[in-house]
Amino acid sequence: MKPIPYARQDIDDDDIKAVVETLRSDWLTQGPAIERFERAVADYCGVRYAVAVNSGTSALHIACRALGLEPGQRLWTSPNTFVASANCALYCGAGVDFVDIDPRTYNLSVDQLEAKLATAKSPPQIVVPVHLAGQPCEMDRIKALAEHHRFAIIEDASHAIGSRYKNSRIGDCRWSDLAVLSFHPAKIITSGEGGMVLTSREDLYRKLLVLRTHGITRDAPQMQEHSHGPWYYEQTELGYNYRMTDIHAALGTNQLKRIDRFVERRRELACRYDNLLTKLPVMLPWQDPEGYSSFHLYIIRLKLDRIAKTHRQVFDALRATGIQVNLHYMPVHLQPYYRKLGFKPGDFPEAELYSREAITLPLYYGLSEADQDRVVATLTKILS
Ligand SMILES: *Cc1c(COP(=O)(O)O)cnc(C)c1O
């Protein structure tokens, strides 16, 4: 049977044209397509500054560096995320801890965050809320805790361009210092590989620009010495080559033109799943009435006490028919690398329980209703 992936990019002729035009232009990297992409995303999200980089992971790393994260400090995030949301702290030599998830939203639980802050020896320097599947975290409550306990906030919005919380667009940084996007092909819009850091703070913006390109500045006011001549630049930080190419930026900019269509269609298909799956022994994705999700992922949870099969058996049966379901996510703290750091089963029980029940069903802009019906029919048969 024809495979149905859990995610798939949508590439049209205009996307291809935009990439080919860039290939024929004077600039493959460090050219005008980067600023165009940054401006377009910043305007869409309603934020002042945007810095394009070569991946969401790089974006998380320089976001931490811009905030000055260093050895001896800590970053807290959700265990129910991609490993990159936590690895960014380790890159800086800092420590990581997790806050267990809310059993309804599957995002970092703000109640648990509040309780952990109340008993922690010292607060973290940075908290990274992850808008899982596009469902926004309770940013106003997290911001209130940040003001009280003096930590910075980086939103991992890799799933959530196009989402909103309380009539604010995710990415506008109304309740955060920085927000990070990913343009991996599985995400809402793609540039092939790519990421972006958004902020409304000029000081952070200046640092991000320098960190993206080796820690080098060519901007006179930022230099420590007077210019020695037209060749002169200064390395003032230890930075990286995290630049995005103009080829990738051109694709991303053209994709952004279709974002509203992409998100609307994802939401229609999610609603269709909701209606078609209501009678099955599964938990459907609960939606916070204060939020508007871009529906990067459609995640169900099996009610295993009402099903004669195990989670693994349901997974295998779906995969056997070509339906490439997935799990978002295995808890980060149970990865072998994190176990070596001292984390163990039982540390974050809600995230662990979730990972034993969750299944990501196929959902993407180009998913046909016929294929979606096949997913529903197959799942119905497996669960009966
Ligand atoms: C995809 C993703 C990332 C990393 O983005 P890349 O562009 O793949 O480096 C980080 N966090 C989350 C939650 C993601 O889904």
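Summarised in this report is the structure supplied together with it. (Residues numbered from 1 in each chain as written. Predicted model: local features only at pLDDT ≥ 70, side-chain atom pairs only at ≥ 80, totals over all residues. Heavy atoms only, no water.)

**Side note on the overall build of the chain**
Reasoning step 1: The helix and strand inventory of the chain stands at 13 helices and 15 strands.
Reasoning step 2: On C-alpha atoms alone, the chain measures out to a radius of gyration of 21 Å, which is about the 21 Å that the 2.2 N^0.38 rule sets for 384 residues.
Reasoning step 3: Principal axes of the C-alpha set define a box for the chain whose edges measure 75 × 55 × 40 Å.
Reasoning step 4: Relative to its full complement of 384 residues, the chain shows a buried share of 55%. (Helix = DSSP H or I, 4+ residues; strand = E, 2+ residues; numbered from the N terminus. Rg over C-alpha atoms; globule rule 2.2 N^0.38 Å. Buried < 20%, exposed > 50% of the residue type's maximum accessible area, 1.4 Å probe, protein only.)

**Brief notes about a nonpolar patch on the surface**
Reasoning step 1: A contiguous nonpolar patch, built from Ile 11, Ile 16 and Val 20 and spanning about 220 Å² of accessible area, is present on the exposed surface.
Reasoning step 2: When you line up the elements, Ile 16 lands in helix α1 (residues 13-23). (Patch = residues over 30% accessible without salt bridge, like charges linked within 9 Å, V, L, I, M, F, W, Y side chains within 5 Å. Areas by Shrake-Rupley, 256 points an atom, 1.4 Å probe, with all protein chains shown as cover. Salt bridge = Lys/Arg side-chain N within 4 Å of Asp/Glu carboxyl O.)

**Focus on the nonpolar core**
Reasoning step 1: Among the nonpolar cores identified, the biggest contains 75 residues, and Ile 154, Leu 277, Tyr 298, Ile 300, Leu 361 and Leu 379 are the most heavily contacted of them.
Reasoning step 2: Of the residues forming this core, the biggest block, six residues, is contributed by helix α3 (residues 56-66).
Reasoning step 3: Counting 44 residues, the second-largest nonpolar core is a separate cluster that includes Ile 34, Phe 37, Val 41 and Met 244. (Core = buried A, V, L, I, M, F, W, Y, C linked by side-chain atoms within 4.5 Å.)

**A short note on the sheet that holds strand β12 (residues 282-283)**
Reasoning step 1: Spatially, β12-β14-β15 is the arrangement adopted by the three strands of the open sheet, whose pairing is antiparallel. Looking at which strands have only one partner, the edges of the open sheet turn out to be β12 and β15 (358-361).
Reasoning step 2: Relative to strand β14 (residues 298-302), β12 runs antiparallel, the two sharing two bridges. In the strand pairing of β14, Val 282 is matched with Leu 302.
Reasoning step 3: The strands touched by helix α9 (residues 259-277) within the sheet are β12, β14 and β15, with β14 carrying the most contacts at an inclination of about 20°.
Reasoning step 4: On the sheet, helix α10 (residues 311-320) packs against β14 and β15 and is oriented at approximately 15° with respect to β15. (Pairing = 2+ DSSP bridges. Contact = heavy atoms within 4.5 Å. Axes fitted to C-alpha atoms, helices over the stretch in contact; angles between N-to-C directions.)

**Re the packing of aromatic side chains**
Reasoning step 1: If you walk through the whole model with that rule in mind, you get 15 aromatic pairs.
Reasoning step 2: Seen from their ring centres, Phe 37 and Phe 183 are 5.0 Å apart, and the 50° between their planes marks the pair as tilted. Taken together, the residues Phe 37 in helix α2 (residues 32-45) and Phe 183 in the loop between β8 (178-182) and β9 (195-199) connect sequence positions 146 residues apart.
Reasoning step 3: Ring geometry for Phe 98 and Tyr 338: centres 5.9 Å apart, planes at 65°, overall edge-to-face. Of this pair, Phe 98 sits in strand β3 (residues 95-98) while Tyr 338 sits in helix α11 (residues 336-340), and the two are 240 residues apart along the sequence. The residues Phe 98 and Tyr 338 share a single accessibility class, namely buried.
Reasoning step 4: Cluster of aromatic residues (ring-pair linked, three or more members): Phe 98, Tyr 337, Tyr 338, Phe 343 and Phe 348.
Reasoning step 5: One Lys or Arg, Arg 104, reaches over the ring of Trp 286 and ends 3.8 Å from the middle of that ring. (Phe/Tyr/Trp six-rings, centres within 6.5 Å; stacked < 30°, edge-to-face > 60°. Lys NZ or Arg CZ within 6 Å of the ring centre and 35° of its normal.)

**What about the site of the ligand?**
Reasoning step 1: Within the structure, the ligand sits among 16 residues, and Thr 57, Asp 156, His 159, Ser 182 and Lys 187 are positioned closest to it.
Reasoning step 2: Here an oxygen atom of the ligand sits 2.7 Å away from a polar atom, N or O, in the side chain of His 159.
Reasoning step 3: One of the side-chain N or O atoms of Lys 187 is found 3.0 Å from an oxygen atom in the ligand.
Reasoning step 4: About the coverage of the ligand: the protein hides 92% of its 380 Å² of free accessible area.
Reasoning step 5: Sorting the residues of the shell around the ligand by element identifies α3 and α4 (84-91) as the ones contributing at least two each.
Reasoning step 6: For the shell around the ligand, the leading source of residues is α3, giving three residues.
Reasoning step 7: Of the residues belonging to the shell around the ligand, the class tally is five nonpolar, nine polar and two charged. (Near = heavy atom within 4 Å. Polar contact = N/O pair within 3.5 Å; in protein donor to acceptor, adjacent residues only side chain to side chain. Nonpolar A, V, L, I, M, F, W, Y, C, P; charged D, E, K, R; others polar.)

**Focus: unusual backbone geometry**
Reasoning step 1: Residue Tyr 329 follows His 328 across a cis peptide bond; omega there is 15°.
Reasoning step 2: Relative to the elements of secondary structure, Tyr 329 occurs in the loop between α10 and α11.
Reasoning step 3: The backbone phi angle of Ala 133 is positive, close to 65°, even though this residue is not glycine.
Reasoning step 4: Relative to the elements of secondary structure, Ala 133 occurs in the loop between β4 (126-128) and α6 (139-149).

**Observations concerning the pairing of strand β5 (residues 152-156)**
Reasoning step 1: Within β5, five of the five residues are buried, which leaves the element mostly enclosed by the surrounding structure.
Reasoning step 2: Sheet topology places β4 next to β5; two bridges connect them, and they run parallel. Across the sheet, the residue bridging to Val 127 is Ile 153, located in β5.
Reasoning step 3: Once you follow β4 into α6 and on to β5, the crossover reads as right-handed.
Reasoning step 4: For β5 and β8, the ladder comprises three bridges, and the chain directions are parallel. Residue pairing in the sheet places Ile 154 in a bridge with Leu 178 of β8. (Right-handed = clockwise from strand over helix to strand, strands pointing away.)

**Section: the packing of α10 against helix α13 (residues 369-383)**
Reasoning step 1: Taken N-terminus to C-terminus, the directions of α10 and α13 make an angle of 140°; their axes are 10 Å apart at the nearest point. Put simply, α10 runs oblique to α13. When the axes of α10 and α13 are compared, the crossing they make is right-handed. Between α10, through Val 314, Ala 317 and Leu 318, and α13, the contact on the second element is made entirely by Thr 378, Leu 379, Ile 382 and Leu 383.
Reasoning step 2: Looking at the contact of α10 with α13 residue by residue, the class counts come to six nonpolar, one polar and no charged. (Parallel < 35°, antiparallel > 145°, perpendicular 65-115°, else oblique. Left-handed = near helix turned anticlockwise from the far one by under 90°.)

On their own, these measurements won't tell you what the molecule is for.
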